[in-house]
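The residues making up each chain are set out below.
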Amino acid sequence: MLSKFASLACACALFSTAYAPAALASAASSIRISHPYVTAVAPGQTNSAAFLVLKNTSAHDHALVSASSPAAEIVQLHTHLHVNGMMEMRQVKQIPIKAHSKTMLKHGGFHIMLIHLRKPLKPGEQVPLTLTFEDGSHQKISAPVVKLSDTLKSMPMKMDRHH
Amino acid sequence: MKITRWISAALAVILLIAGGFYWLSMNHPSPNSAGAPQGGDFTLQSADGPRSLHDFRGKVVLLYFGYTFCPDICPTTLTLIGQALSSLSPAQQAQIQGIFVTVDPARDTAQKMKAYVRYFYPGLIGLTGNPQEIAAVARRYGVVYRKHKEKSGGYLIDHSAFIYLIGRHGKLRRTLPHGAPAAAIAAALRQLLQQP
Ligand SMILES: [Cu+2]
């Protein structure tokens, strides 16, 4: 009797983990995106990065798993690591956005890297971005191109603490 | 009572020593190199011909290493450097030379460096050279960098991101960490300008 109950409970648990998320709101509808921008480039600079704030309004952990944009040939999710005194920029599989919390993409940290820009980005232009989350849902946004000197005045940047 | 006093005194000493080591490590650009970087004279190529550190004797020199392919770290630091320099008086600006040295000489030509640095501050000079020359200058200043191959076939360069401040006599005087705000860079420059 007890084992029967236990297996039933087990099956229920399995059922709920397997099917419950589908019944819930998609990741895209749970994530609020704010303050998006892409930095304008210096002459000869062929890469840039997009920054924004991802707010998870749901009780479930979500993750940004990819991004795309017509502005660049390659778009990747990146982070910066401080290792052995060097700043290492590395591609990441995903950027986590924990339940009821914010993940900031900011200078010196997570960013959406735009590699091989199709044309130089000038302040005032708009860069369309499609963000895809872990369940395949996505959000389309438009990020203004901003001069770096303007963003550094308003955005707190990630300070490195050495070792 | 006496024992607790003794223990707290010993603890204080240990903390002081540990703090000292921490401070040393904070001011130490590269854990691989022995001793603090020596700095020193060098000659590299600008778009307008060779430039040496000793060309700027009498001026305070701000030295930074990076590469134009860098999407975030270098443009951010160069922007902060530009903001710091712009915040100084014209008389102070005239006594400072900012220099950006590439650690990616394969892609960064002198011409490319010139156009790039001017975007951040009109007076900046961009320098390149052959890989051996760059490596020699980097070693002297404690700059560490290495190529990181990407799956896409391209490469990035991991690099240390310190700002080096050189006094009027060509001696390396200060190293500022990555992320130093424009106001801190300006303050350090002002301080060096006051020294003969
Ligand atoms: Cu990146």
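Right, let's walk through the structure included here. Source: prediction; values computed, not measured.

1. Side note on the overall build of chain B
Each helix and strand in chain B was counted, giving six helices and nine strands. Across the 196 residues of chain B, 48% fall into the buried class. Restricting to contacts in chain B with at least 6 residues of sequence separation, those with at least 24 account for 68%.

2. Some remarks on the nonpolar core
If you look at the biggest cluster of nonpolar residues, it comprises 65 residues, and the most contacted ones within it are B:Leu63, B:Tyr64, B:Phe65, B:Ile81, B:Tyr141, B:Ile185 and B:Leu189. Beyond its immediate sequence surroundings of up to four residues, B:Phe65 is in contact with B:Phe100, B:Val101, B:Val103, B:Val137, B:Ala138, B:Tyr141, B:Val143, B:His159, B:Ser160 and B:Tyr164. The next biggest cluster of nonpolar side chains, apart from the first, holds 31 residues, and it includes A:Ile31, A:Ala50, A:Leu114 and A:Phe133.

3. Some words on empty space enclosed by the protein
The full count for this structure, using the stated rule, is two cavities of 30 Å³ or more. A:His80, A:Met87, A:Glu88, A:Met89, B:Tyr67, B:Cys70, B:Pro71, B:Ile73, B:Leu156, B:Ile157, B:Asp158 and B:His159 are the residues that line the largest cavity. Elements that contribute at least two residues to the lining of the largest cavity include exactly β5 (86-91) of chain A together with β7 (155-159) of chain B. Take the lining of the largest cavity: its biggest share by element is four residues, from β7(B). Taken together, the residues that form the lining of the largest cavity break down as eight nonpolar, two polar and two charged. Taken as a whole, the second largest cavity encloses approximately 30 Å³ of empty space.

4. Notes on the coordination of the copper ion
All names here are of chain A. At 2.0 to 2.6 Å from the copper ion lie its protein donor atoms, namely His78 (ND1), Met89 (SD), His111 (NE2) and Met113 (SD). Classification of the site at the copper ion as tetrahedral follows from its four donor atoms and the range of 102 to 117 degrees in their angles at the metal. The sequence motif formed by the donor residues of the copper ion is H-x10-M-x21-H-x1-M. A residue pair is termed long-range when its members are at least 10 positions apart, and Met89 in strand β5 and His111 in strand β8 (residues 111-117) qualify at 22 residues.

What counts and what doesn't
- Counting restarts for each chain, with residues numbered from 1 along the sequence as it is written.
- Chain letters start at A and ligand numbers start at 1, both assigned in the order the entries are written.
- With the structure being a predicted model, the display of local features is reserved for residues of pLDDT at least 70 and the display and counting of side-chain atom pairs for 80 or more, all residues being used for whole-chain, interface and lining totals.
- Heavy atoms from the whole structure form the basis of all side-chain values; hydrogens and water molecules are not counted.
- Here a strand is any run of E in DSSP of at least two residues, a helix any run of H or I of at least four, and the numbering for each starts at the N terminus.
- The cut-offs for exposure are 20% and 50% of the maximum accessible area for each residue type, with area from a 1.4 Å probe on protein chains only; residues under the lower value are buried, those over the upper are exposed, and the others partly exposed.
- Residues count as neighbours in contact if any of their non-hydrogen atoms are within 4.5 Å of one another.
- We call a set of buried residues a nonpolar core when its members are Ala, Val, Leu, Ile, Met, Phe, Trp, Tyr or Cys and they connect through side-chain atoms within 4.5 Å of each other.
- A cavity here means a set of points on a 1 Å grid, drawn over the protein atoms and nothing else, where a 1.4 Å probe fits but cannot get out; a pocket is an open set with protein on both sides within 12 Å along at least five of seven lines, and a residue lines either one if it has an atom within 4 Å of a point.
- Grid points are joined across faces, edges and corners, and a volume is the space filled by probe spheres set on the points.
- Polarity classes work like this: nonpolar for Ala, Val, Leu, Ile, Met, Phe, Trp, Tyr, Cys and Pro, charged for Asp, Glu, Lys and Arg, and polar for all others, with Gly in that last group.
- Nitrogen, oxygen and sulfur within 2.8 Å of a metal are treated as its donors, or within 3.2 Å for sodium, potassium and calcium (Na, K, Ca); water is not counted, so a site can appear incomplete.
- For four-coordinate sites, all angles between 85 and 135 degrees define a tetrahedron; for four- and six-coordinate sites, opposite donors beyond 155 degrees with the remaining angles between 65 and 115 define square planar and octahedral shapes respectively, and all other cases count as irregular.

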